[in-house]
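Spelled out, the chains give:
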Amino acid sequence: MNIWTVANQKGGVGKTTTTVTLGALLAARGEPVLLIDMDPHASLTSYFDRTPEELQATLFDLMSAQKLTPGLIDSATLDLGNNLYMWPAAMELATLDRQLGTREGLGLLLKQLLEKLDGLYAHVLIDCPPVLGVLMVNALAACQRVLVPVQTEFLAIKGLERMLRTLSMMEKSLKGARQVTIVPTMFDKRTRASLEALQELREEFGDKVWQGMVPVDTKFRDASRSHVPLPLLMPQARGVFAYEKLLETLLPTEVNA
Ligand SMILES: Nc1ncnc2c1ncn2[C@@H]1O[C@H](COP(=O)(O)OP(=O)(O)OP(=O)(O)O)[C@@H](O)[C@H]1O
Ligand SMILES: [Mg+2]
């Protein structure tokens with residue numbers, strides 16, 4: 001089971017868009033994909049036109065359950081069609097640390113939860129809130145790979161160092177290093193700010209930065225308004241093409257097979 005976390009504590013950089021788009025592209029290869037909404041604001045959940053209030057169970061119920069039953073996992077798992085599944089978020093996720101603060105291993109709840117799935121999904125993608133907190137720590141601890149979308153604009157790298165430091169601090173206490181891939185997003189080749197930000201990212205973070213970039217593509221907003229992943233709505237969109245390229249570098253063996 002490939003588990004990837006999409007994280008950056010900066011808001012509006014394309015985390016949810018990256019989760020949805022990569023998820024749909026992976027699912028289109030014919031294997032089941034689980035998307036996890038770790039953001040109490042539930043952007044991923046509302047992307048698919050679900051509201052936490054109307055749901056039987058959410059990720060919060062899974063993470064706070066004293067005893068996790070297959071029935072509970074089933075009732076929290078939404079079938080979105082096209083091989084995509086989702087564990088939706090709820091506002092209460094924001095209070096997880098207050099509610100479970102005394103429980104040992106608070107940062108490992110999601111990791112333990114995913115171990116229970118026993119490889120049910122080929123891929124799991126976790127969408128993080130723009131906050132360096134217990135939810136992001138859970139997502140980082142649970143994954144093998146971290147994707148960090150960064151908007152190519154002025155001061156793009158501000159804050160990035162802090163996140164990478166948090167990650168390397170965590171890795172000292174966890175087994176196995178996580179592969180970090182910085183994904184330049186909303187790249188506008190006509191602006192100097194975009195070009196300079198990209199150059200700065202590459203100088204500062206070297207081969208952690210994906211060679212390509214996701215261009216500005218207004219179709220992403222259209223897709224989100226239609227509640228459909230862009231690869232399903234407009235497979236030919238240039239934004240989709242960019243994420244396909246990204247997948248090729250993340251899954252080199254599968255692509256060449
Ligand atoms: N490549 C792109 N081109 C144009 N618009 C984009 C692109 N990627 C994302 N967007 C738009 O930018 C906005 C923010 O994107 P998104 O919600 O994915 O960011 P986020 O990092 O998840 O935000 P938050 O931190 O609030 O969770 C959305 O309206 C989305 O449709
Ligand atoms: Mg988001």
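Residues numbered from 1 in each chain as written. Chains lettered and ligands numbered in written order. Predicted model: local features only at pLDDT ≥ 70, side-chain atom pairs only at ≥ 80, totals over all residues. Heavy atoms only, no water.

Enquirer: Would you mind going over unusual backbone geometry with me for this structure?
Expert: Generally, phi is negative for residues other than glycine and the peptide bonds are trans, each holding for most cases. Despite not being glycine, Asp49 shows a phi value in the positive range, around 65 degrees. Along the chain, Asp49 falls in the loop between helix 2 (43-47) and helix 3 (59-64). Residue class for Asp49 comes out exposed when judged on its relative accessible area of 51%. (Helix = DSSP H or I, 4+ residues; strand = E, 2+ residues; numbered from the N terminus. Buried < 20%, exposed > 50% of the residue type's maximum accessible area, 1.4 Å probe, protein only.)

Enquirer: What is the right way to look at the pattern of salt bridges in this model?
Expert: It is possible for side chains bearing opposite charge to pair when their charged atoms get close. Tallied over the entire structure, the rule returns seven salt bridges. Of the charged contacts, one joins Asp188 and Arg190 as a salt bridge, the two residues approaching to 3.1 Å between their closest N and O atoms. Owing to a relative accessible area of 18%, Asp188 belongs among the buried residues under this scheme. By relative accessible area, Arg190 is classed as exposed at 72%. Measuring nitrogen to oxygen at the nearest pair gives 3.8 Å for the salt bridge that ties Glu248 to Lys245. On the criterion of helical spacing, the pair formed by Glu248 and Lys245 is a turn pair, its members being three residues apart in helix 12 (residues 238-250). A relative accessible area of 38% means that Lys245 is categorised as partly exposed. (Salt bridge = Lys/Arg side-chain N within 4 Å of Asp/Glu carboxyl O.)

Enquirer: Sorry if this is basic, but what is going on with empty space enclosed by the protein here?
Expert: Over the atoms rolls a probe the size of a water molecule, and its path tells where empty space is left. Inspection of the entire model under this criterion finds one cavity of 30 Å³ or more. What the largest cavity holds in volume is close to 40 Å³. If you go around the largest cavity, the residues you meet are Thr17, Val20, Thr21, Tyr47, Phe220, Ala223, Ser224 and Leu230. The set of elements that each furnish at least two residues to the lining of the largest cavity consists of helix 1 (15-27) and helix 10 (219-226). Class assignment for the residues of the lining of the largest cavity results in five nonpolar, three polar and no charged. (1 Å grid on protein atoms, 1.4 Å probe; cavity = no way out; pocket = protein on both sides within 12 Å on 5 of 7 lines; lining within 4 Å. Points joined across faces, edges and corners; volume = space filled by probe spheres on them. Nonpolar A, V, L, I, M, F, W, Y, C, P; charged D, E, K, R; others polar.)

Enquirer: Looking at this model, I keep getting lost on the layout of surface pockets. Mind explaining?
Expert: Considered as a void within the structure, the largest pocket measures approximately 560 Å³ in volume. Along the wall of the largest pocket there are 23 residues; nearest its centre are Gly14, Thr17, Met186, Phe220 and Arg221. Contributions of two or more residues to the lining of the largest pocket are made by helix 1, helix 2 and helix 10. The residue makeup of the lining of the largest pocket, split by class, is 10 nonpolar, nine polar and four charged.

Enquirer: How should I be thinking about the site of ligand 1 in this particular structure?
Expert: Within the structure, ligand 1 sits among 16 residues, and Lys15, Thr16, Thr17, Pro215 and Asp217 are positioned closest to it. Taking Lys15, its side chain carries an N or O atom lying 2.8 Å from an oxygen atom of ligand 1. One of the side-chain N or O atoms of Arg221 is found 3.2 Å from an oxygen atom in ligand 1. In isolation ligand 1 has 630 Å² of accessible area, and contact with the protein removes 81% of it. The cavity that encloses ligand 1 is the largest pocket. (Near = heavy atom within 4 Å. Polar contact = N/O pair within 3.5 Å; in protein donor to acceptor, adjacent residues only side chain to side chain. Areas by Shrake-Rupley, 256 points an atom, 1.4 Å probe, with all protein chains shown as cover. Sits in = over half its atoms within 2 Å of the grid points.)

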